[in-house]
2 protein chains.
Amino acid sequence: MPDIAKRFPENPILRPSDVIPSRSDLEVTCLLNPGAFRYGGKTGLLIRVAERPVQRDGIVSTPVIDPREPSGIAVVQFDLNDPDLDYKDPRVFLHKGECFLTTLSHLRLAWSDDGVNFKVDPTPSLLGYGDLETFGIEDSRVAEIDGVYYLTFTSVSPSGVGVGMASTSDWRTYKRHGMIIPPHNKDCALFTEKINGKYMCIHRPSGIDIGGNFMWLASSPDLDHWGDHHCLAKPRPNMWDSKRVGAGAAPIRTERGWLEIYHGADFNNRYCLGALLLDLDDPSKVLARSQEPLIEPLADYETSGFFGNVVFTNGHVVDGDTITMYYGASDEFVCGAHLSISEILGTLGQNV
Amino acid sequence: MPDIAKRFPENPILRPSDVIPSRSDLEVTCLLNPGAFRYGGKTGLLIRVAERPVQRDGIVSTPVIDPREPSGIAVVQFDLNDPDLDYKDPRVFLHKGECFLTTLSHLRLAWSDDGVNFKVDPTPSLLGYGDLETFGIEDSRVAEIDGVYYLTFTSVSPSGVGVGMASTSDWRTYKRHGMIIPPHNKDCALFTEKINGKYMCIHRPSGIDIGGNFMWLASSPDLDHWGDHHCLAKPRPNMWDSKRVGAGAAPIRTERGWLEIYHGADFNNRYCLGALLLDLDDPSKVLARSQEPLIEPLADYETSGFFGNVVFTNGHVVDGDTITMYYGASDEFVCGAHLSISEILGTLGQNV
């Protein structure tokens, strides 16, 4: 591959068929975008598992969390010939202007001794909960701060798309912190230490008419409440990140600055990963930014699948100079790759 | 008028011609949506003053704050025949997909002894500041909390539209608190006392595809950092608030609950005002909601102007049962009306 990521030869390391559905009436359609962490000598992944009913000819059906249903889930379905149906994207569709996801996502743990071979838990770890997550939870980052793991994920419901948070110390019991950043927002990565006495995060609001899919920085006294928002990075015209950008996992402290691996997409919805280098004392200062992607969809499992031409990361573990990055490929598979911090820094001039 | 607002006979109480432009090369195009408060025995209004260069035939021109310019402002202009120009709305236009406002807004104080006759300060009180306000600041709510006045306004720049905050104790010096709620957000009204140990506010994010222009509730330990976001109220199909809703000024404590006067617009962009009644101990519980508007655009100054068919409030002062509500009419004039709290409560059944 012409990019600098050293993909695992075992890729994809997890496929939908490796995961037991959460319910007998659903199938696992996709695995996406795992958070990653170390715990008890193992590498853990917190995978987004996207499910739906087995699709029948001529019908689109999708599950929605509904506590009023005895099973906890209602299945919404429409005839594909329904003139009120607008179904052009495998991920979302519209009916009479109302938006639905094609799948319902929960978060599922997987564990590995070697960081490559993972065993997926048989049941969900975190399900959508309450009226702000009836369309599920997605793409969890995991940040270990003072011995507690903080999970920041996308909470989706007809009320909007925002950032939810949960925390755990044992990966068995979870404390819910509610929605910490309001719609429209996702891709929230916490810094793993305080800077100038404040917790910090990168998040990704979206604009209406004015603004866009930009990365922003915020600070907090307690991780639950956020303020002092600043715009950090925007898409760049005619480059690989021309349409949208968003944070990956927690920024990595290096001698030269905070290294943030982020995703960028162009107007063909081709998702690549690059790096931002942020000032150690004032992360609102962008010191450098990748001209070329660190990794782009090139392998067959990255170019074709549920939603092809996507590499997307929100999880890594770091050991010295080595980043073991886990990533979603084609919105369907979990993959891994090694990156060298010094090699990434070598690609970063003083350009922004 | 068939609604229950008792409009001032003197309406409009302020017009663009009553205000001295902030610069000799600009004209005051509109006065909009004042915050309101009492200070030193007077009623104060914090008016949004929208300015632009005198428009020449065949050209649209608009000011943008630009610290690189000696004058602090750059004027952007386009030929009205430019095929890349999309100019259908008097408030905003697009050029090559980039969005501009037609005017630049600042905040200006006006003072009155009787609440009806106001004298406008000759110079701006607060101007857009920094890179998140290059398109100006708009629609400030004023909440007095423990002797300090907190101003929450809309900060607009190409980075997006979010909620900025400033505070003052003397209406001469202001402390800037930065952007407290990130894009896309506006219409932020602070509660004037803590509830269950937390400050609270109503704000108005917007959704992309999923979600919409809904009112949300949030809480804060310090007014600067916000979390625990909950969706509070959505537009109602086929009603006067079918397209968008947003908070007015600070909720008013009544025996039956927090009374919030809010704006709603329909798909014709006709803006009316109604009321929400929220539980005193848990404002996320909506106890009642106006079926019919409390005030709708009926007077000539409300139906025609810069952007007609708009009544919009974000400022009031309360004296016993009487709300003296100040409002923007047709995005051009400042008006006033009296409302009775008991009369409003009488219109509110236990309906949501």
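Because the structure is predicted, anything quoted here is derived from the model rather than measured.

## A look at the overall build of chain A
Stage number 1. Within chain A, the regular secondary structure consists of two helices and 26 strands.
Stage number 2. Taking 352 residues into account, the globule formula puts the C-alpha radius of gyration at 20 Å, and chain A, at 19 Å, falls close to it.
Stage number 3. On the principal axes, the C-alpha backbone points of chain A span a range of 55 × 45 × 45 Å.
Stage number 4. Expressed as a percentage of its 352 residues, the buried residues of chain A come to 62%.

## Some words on the packing of aromatic side chains
Stage number 1. Taken as a whole and judged by the stated rule, the model has 34 aromatic pairs over all chains.
Stage number 2. One Lys or Arg, arginine 91 of chain A, reaches over the ring of phenylalanine 307 of chain A and ends 3.7 Å from the middle of that ring.

## Details of the state of the cysteines
Residue and element names in this part refer to chain B.
Stage number 1. Summed over the entire model, instances satisfying the criterion amount to zero disulfides over all chains.
Stage number 2. With no disulfide of its own, cysteine 201 lies closest to cysteine 188 among cysteine sulfurs, the gap being 3.9 Å.
Stage number 3. Note on cysteine 231: no disulfide assigned, nearest cysteine sulfur contributed by cysteine 201 at a separation of 13 Å.

## Here's the deal with the relation of the copies chain B and chain A
Stage number 1. Mapping chain B onto chain A calls for a rotation angle of 180° and an axial translation of 0.0 Å; the resulting RMSD is 0.0 Å. One copy is carried onto the other by what is essentially a two-fold rotation axis.

## Some points on the pairing of strand β13 (residues 160-168) of chain A
Residues and elements named next belong to chain A.
Stage number 1. Burial of β13 is extensive: nine of the nine residues sit out of reach of the surface.
Stage number 2. One ladder, built from nine bridges, connects strand β12 (residues 148-157) with β13; its direction is antiparallel. Considered in β13, the bridge of threonine 154 is made with valine 163.
Stage number 3. Here β12 hands over to β13 after two residues, the two strands then running antiparallel side by side.
Stage number 4. Here four bridges tie β13 to strand β14 (residues 175-181), and the two strands are oriented antiparallel to one another. Directly across from valine 163, in β14, lies its bridge partner isoleucine 181.
Stage number 5. Between the antiparallel neighbours β13 and β14 lie six residues, among them tryptophan 171 with a positive phi of about 60°.

## Overview of the interface of chain B and chain A
Stage number 1. At the junction of the two partners, chain B supplies 41 residues and chain A supplies 41 residues.
Stage number 2. Here chain B and chain A share an interface that buries about 3000 Å² over both sides, 65% of which is from carbon and sulfur atoms.
Stage number 3. Interface area lost by chain B to chain A is led by Ile208, Ile210 and His225 of chain B, which between them contribute 22%.
Stage number 4. Along the contact surface separating chain B from chain A lie zero salt bridges.
Stage number 5. Taken together, the links from chain B to chain A amount to nine residue pairs in polar contact (both at pLDDT 80 or more).

## Considerations on the side chain of threonine 254 of chain B
All names here are of chain B.
Stage number 1. Mapped onto the elements, threonine 254 comes out in strand β20 (residues 252-254).
Stage number 2. Within the structure, threonine 254 has its side chain in polar contact with the backbone oxygen of glycine 257 (distance 2.6 Å).
Stage number 3. If we skip the residues at most four places from it in the chain, threonine 254 touches Leu259, Leu277, Leu280, Ile341 and Leu345.

## Regarding the sheet that holds strand β10 (residues 119-120) of chain A
Residue and element names in this part refer to chain A.
Stage number 1. Spatial ordering of the open sheet is given by β2-β3-β9-β10, a layout of four strands whose pairing is antiparallel. Taken across any chain shown, the strands that pair with only one partner, and hence form the sheet edges, are β2 (27-39) and β10.
Stage number 2. As defined by bridge partners, β2 adjoins strand β3 (residues 42-52) across 10 bridges and the pair is classed as antiparallel. Directly across from phenylalanine 37, in β3, lies its bridge partner glycine 44.

## Some thoughts on the pairing of strand β18 (residues 227-233) of chain A
All names here are of chain A.
Stage number 1. In this structure, strand β17 (residues 215-220) lies alongside β18, joined through four bridges in antiparallel fashion. Of the residues in β18, the one forming a bridge with serine 219 is glycine 227.
Stage number 2. Connecting β17 to the next strand, β18, in antiparallel fashion are six residues, including leucine 223 with a positive phi near 75°.

## Considering unusual backbone geometry
Stage number 1. Of the consecutive residues asparagine 11 of chain A and proline 12 of chain A, the connecting peptide bond is found in the cis state with omega at -15°.
Stage number 2. Phi at tryptophan 171 of chain B takes a positive value of approximately 60°, unusual for a residue other than glycine.
Stage number 3. Residue placement: tryptophan 171 of chain B occurs in the loop between β13 (160-168) and β14 (175-181).

## Looking at the environment of aspartate 321 of chain B
Stage number 1. In this structure, aspartate 321 of chain B sits in the loop between β24 (311-319) and β25 (322-329).
Stage number 2. Linking aspartate 321 of chain B and serine 342 of chain B, residues 21 residues apart in sequence, is a C-alpha distance of 6.6 Å.

## Notes on the environment of histidine 229 of chain B
Residues and elements named next belong to chain B.
Stage number 1. Within the secondary structure, histidine 229 sits in strand β18 (residues 227-233).
Stage number 2. For histidine 229, a relative accessible area of 1% gives the class buried.
Stage number 3. A distance of 2.9 Å separates polar atoms of two side chains, one belonging to histidine 229 and the other to histidine 203.

## Describing the sheet that holds strand β6 (residues 85-86) of chain A
Residues and elements named next belong to chain A.
Stage number 1. The sheet built from three strands is open, its strands ordered β6-β7-β8 with antiparallel pairing. Two strands in the sheet have a free side with no partner beyond their single neighbour: β6 and β8 (98-101).
Stage number 2. By the bridge criterion, two bridges tie β6 to strand β7 (residues 92-95) in an arrangement that is antiparallel. When the sheet's bridge partners are listed, leucine 85 is paired in β7 with histidine 95.

## What to know about the environment of proline 235 of chain B
Residue and element names in this part refer to chain B.
Stage number 1. Along the polypeptide, proline 235 turns up in the loop between β18 and β19 (244-247).
Stage number 2. Sequence separation of proline 235 and asparagine 213 is 22 residues, and the distance between their C-alpha atoms is 7.7 Å.
Stage number 3. Dropping the residues within four chain positions of it, proline 235 is found in contact with Asn213, Phe214, Asp241, Ser242, Lys243, Arg244, Val245 and Arg289.

## A closer look at the pattern of salt bridges
Side chains that differ in sign of charge can pair as their charged atoms come close.
Stage number 1. Per the counting criterion, the structure on display carries 34 salt bridges over all chains.
Stage number 2. With a closest N to O distance of 3.1 Å, arginine 23 of chain A and aspartate 25 of chain A form a salt bridge.
Stage number 3. Residues aspartate 3 of chain B and arginine 7 of chain B are paired through a salt bridge, measuring 2.9 Å at the closest nitrogen-oxygen approach.
Stage number 4. One network of salt bridges, with partners in common, ties together Asp3, Arg7 and Glu302 of chain A.

## Topic: the confidence of the model for chain A
Stage number 1. Summary statistics for chain A give a mean pLDDT of 96 and a share of 99% for residues scoring 70 or more.
Stage number 2. Interface confidence for the predicted complex, expressed as ipTM, amounts to 0.96; the pTM equals 0.96.

## Quick notes on the side chain of threonine 102 of chain A
Residues and elements named next belong to chain A.
Stage number 1. Inspection of the secondary structure assignment puts threonine 102 in the loop between β8 and β9 (104-112).
Stage number 2. A distance of 2.6 Å separates a polar atom in the side chain of threonine 102 from the backbone oxygen of proline 90.
Stage number 3. Dropping the residues within four chain positions of it, threonine 102 is found in contact with Arg52, Ser61, Thr62, Tyr87, Asp89, Pro90, Arg91, Val92, Phe93 and Phe306.

The rules behind these values
- Residues numbered from 1 in each chain as written.
- Chains lettered and ligands numbered in written order.
- Predicted model: local features only at pLDDT ≥ 70, side-chain atom pairs only at ≥ 80, totals over all residues.
- Heavy atoms only, no water.
- Helix = DSSP H or I, 4+ residues; strand = E, 2+ residues; numbered from the N terminus.
- Rg over C-alpha atoms; globule rule 2.2 N^0.38 Å.
- Buried < 20%, exposed > 50% of the residue type's maximum accessible area, 1.4 Å probe, protein only.
- Phe/Tyr/Trp six-rings, centres within 6.5 Å; stacked < 30°, edge-to-face > 60°.
- Lys NZ or Arg CZ within 6 Å of the ring centre and 35° of its normal.
- Disulfide = S-S within 2.5 Å.
- Least-squares fit on C-alpha atoms with pLDDT ≥ 70 in both.
- Pairing = 2+ DSSP bridges.
- Contact = heavy atoms within 4.5 Å.
- Buried area = accessible area lost by both parts, 1.4 Å probe.
- Salt bridge = Lys/Arg side-chain N within 4 Å of Asp/Glu carboxyl O.
- Polar contact = N/O pair within 3.5 Å; in protein donor to acceptor, adjacent residues only side chain to side chain.
- pLDDT = per-residue confidence, 0-100.

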